[in-house]
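Letter by letter, the chains look like this.
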Amino acid sequence: MSGHEHAVSADGVWKIFNEGLPNEVTALQDVHLTVDTGEFISLIGPSGCGKSTLLRVIADLTDATRGEMKVAGVTPHEAREKQLYGMAFQQAALFDWRSVRRNVELPLELQGWDKDKRKSRAMELLEMVQLADFAEHRPWELSGGMQQRVAIARSLAVDPPLLLMDEPFGALDEMTRERMQNELLRIRQETGKSIVFVTHSIPEAVYLSDRVVVMSPRPGRITDVVPIPLGTDRDEDTRESDAFYESVTAVREALRGHVGGAGMRARVGEV
Amino acid sequence: MSEAWADRLKFVWPPVLIALAFLGAWQLLVVARDIQPFLLPAPSLIAQNFFGDIALMWGTAYYTGTTALLGLVFGTFAGIVMALLAQRFGVVNNLVTPLAAGLAAVPIIALTPILNNMFSITSRTPRVLVTAIIVFFPMFVNVTRGLIQVQPVQLELMRSMNAQPRTVVRTLRVPNAIPFFFTGMKVAAPLAVIAALVAEYFGGPQEGLGSRIASSAANTAYGRAWAYVVAAIITGLVFYLIVVAVERWTTPWTGRTRSA
């Protein structure tokens, strides 16, 4: 490598559960992937394709069985210790016993920030996700979309260069979801973060990403990488543009190619 | 505010009316059928005894209430400590429920005479001990469950934020267990009063509700015996209501829809 550090680089990464046992499952097979600094990558595929597992390997929530994973040039373990990434999940996972502001402060608290600095940083982030007015509310008083915005603010708290998002909008209704996507694009513009985003929505992946990584199950592997040539300034009109539909079609075909192929084989096998 | 009060009164009236109707029917039954006090004393007779010697009622309830409170405090403390250890050493995950069920079946009250011999019968200690043992189980089981039943995603979140195990206990597991603690307390607090009262049946100082219910009944003072029962009910209710009030005050998020 030419001294240029990738936000994430996976080199022949395998993840095998219960290796050597009868119930062995290959969740990831020989994954090669690089995410450039500042790039927005989506991982898409049917359930069981290993997209969440790949994200969890990046986050050091689970180990790779084989191969090398690097996050900002260091191991996922070091990246986690140095808080080089922030993470958001499908569930907001807010703590009911803390106010919205103190939920956002949590990662800073764990890093030993002092109280005043914590508070001003949390307020700054709540400003960014437009929830400053709700700082002293409790999480249960907020709608699902608002809770997820708090979770995103929390993932940005320590100002990590990388955001890992595991279907963060998966539990939201379509309208809220599209608003959240616009917010995420805006936040990305403002902060310049690298983002790895897991989803199973094709339009969502296309709308947000620079590249869409298409994955396929049994064994979980990358089957295609579709670049999305929509530029950096995207808004509601982008969703109606021809280029958008073309990219959606490209991703859909990439998905169908492999999924359909496997289905065909299975059907032939039955006959 | 006034509207909130009106709302609350709507919930208060029905049970009050039912209680009054019940007492009225009871009184009517006793008078009409001329039922003797040793079978069933009339509410008026019980009230007469209760209010006629209210200072004695208070003093007696205070004595048993103190035993119950001490037992509750020690039993709760032991339950919490054991729950923390159980969570820390991870042995109990599947052990807690069967263990607690098995031990809960031991008639601990029946140990009172033995404890009376082990400790001084003239002291409060054996009764406090029995109460503490009885309180221990609901507290241990509930608090352990609260420490263990944390949303997996919250644990992953803590890990992603590089939280150390001790920090996870302090910032996630313990706060998560607080609603469970109160669930345990709502069972344990009235139970403590009953345990303290029943433990008095096995000898020792005679100043408590249990002792005086027994001795009043033995002296055919049935109205008085029942007045002490009323005092015991009130004591148990006070224990329960204090727990409910503290719960509402400290954990307003329980009973709400949990945030996802």
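Everything below is about the structure shown above.
Residues numbered from 1 in each chain as written. Chains lettered and ligands numbered in written order. Predicted model: local features only at pLDDT ≥ 70, side-chain atom pairs only at ≥ 80, totals over all residues.

A. Quick look at the environment of Val-206 of chain A. Residues and elements named next belong to chain A. Here Val-206 shows up in helix H7 (residues 202-208). Overall, the presence of 27 C-beta atoms within 10 Å leaves Val-206 in the buried class. Counting along the chain gives 20 residues from Val-206 to Val-226, while the straight-line C-alpha distance between them is 9.2 Å. Residues contacting Val-206, with those up to four places away along its chain left out, are Val-212, Ile-228, Phe-244, Ser-247, Val-248 and Val-251. (Helix = DSSP H or I, 4+ residues; strand = E, 2+ residues; numbered from the N terminus. Buried ≥ 20, exposed ≤ 12 C-beta atoms within 10 Å, placed from the backbone. Contact = placed C-beta atoms within 7 Å.)

B. Quick peek at the sheet that holds strand E2 (residues 25-35) of chain A. Residues and elements named next belong to chain A. If you trace the three strands from one edge of the open sheet to the other, you get E2-E1-E4, paired in antiparallel fashion. With one partner strand each, in any of the chains shown, E2 and strand E4 (66-71) form the two edges of the open sheet. Pairs of neighbouring strands in the sheet enclose a mean axial angle of 25°, with direction left out of account. For strand E1 (residues 8-17) and E4, the ladder comprises five bridges, and the chain directions are antiparallel. Of the residues in E4, the one forming a bridge with Ser-9 is Lys-70. (Pairing = 2+ DSSP bridges. Axes fitted to C-alpha atoms, helices over the stretch in contact; angles between N-to-C directions.)

C. Looking closely at the nonpolar core. In terms of nonpolar packing, the biggest core is built from 81 residues, with Ile-58, Leu-164, Val-196 and Val-251 of chain A touching the most fellow members. Structurally, this core is a two-domain feature, drawing no fewer than three residues from each of domain 1 (8-84 + 163-270) and domain 2 (91-159) of chain A. Once residues within four sequence positions are removed from consideration, Leu-164 of chain A is found in contact with Leu-55, Ile-58, Ala-59, Tyr-85, Met-87 and Val-196 of chain A. Phe-50, Val-141, Met-185 and Ala-231 of chain B belong to the second-largest nonpolar core, a separate cluster that totals 49 residues. (Core = buried A, V, L, I, M, F, W, Y, C linked by C-beta atoms within 7 Å. Domains from an automatic or database assignment.)

D. Looking closely at the interface of chain A and chain B. Taken residue by residue, the interface counts 23 residues in chain A and 18 residues in chain B. Here the element with the most residues in the side of chain A that touches chain B is helix H3 (residues 100-110) of chain A; it accounts for three residues. For the side of chain A that touches chain B, the per-class residue count stands at 15 nonpolar, four polar and four charged. (Nonpolar A, V, L, I, M, F, W, Y, C, P; charged D, E, K, R; others polar.)

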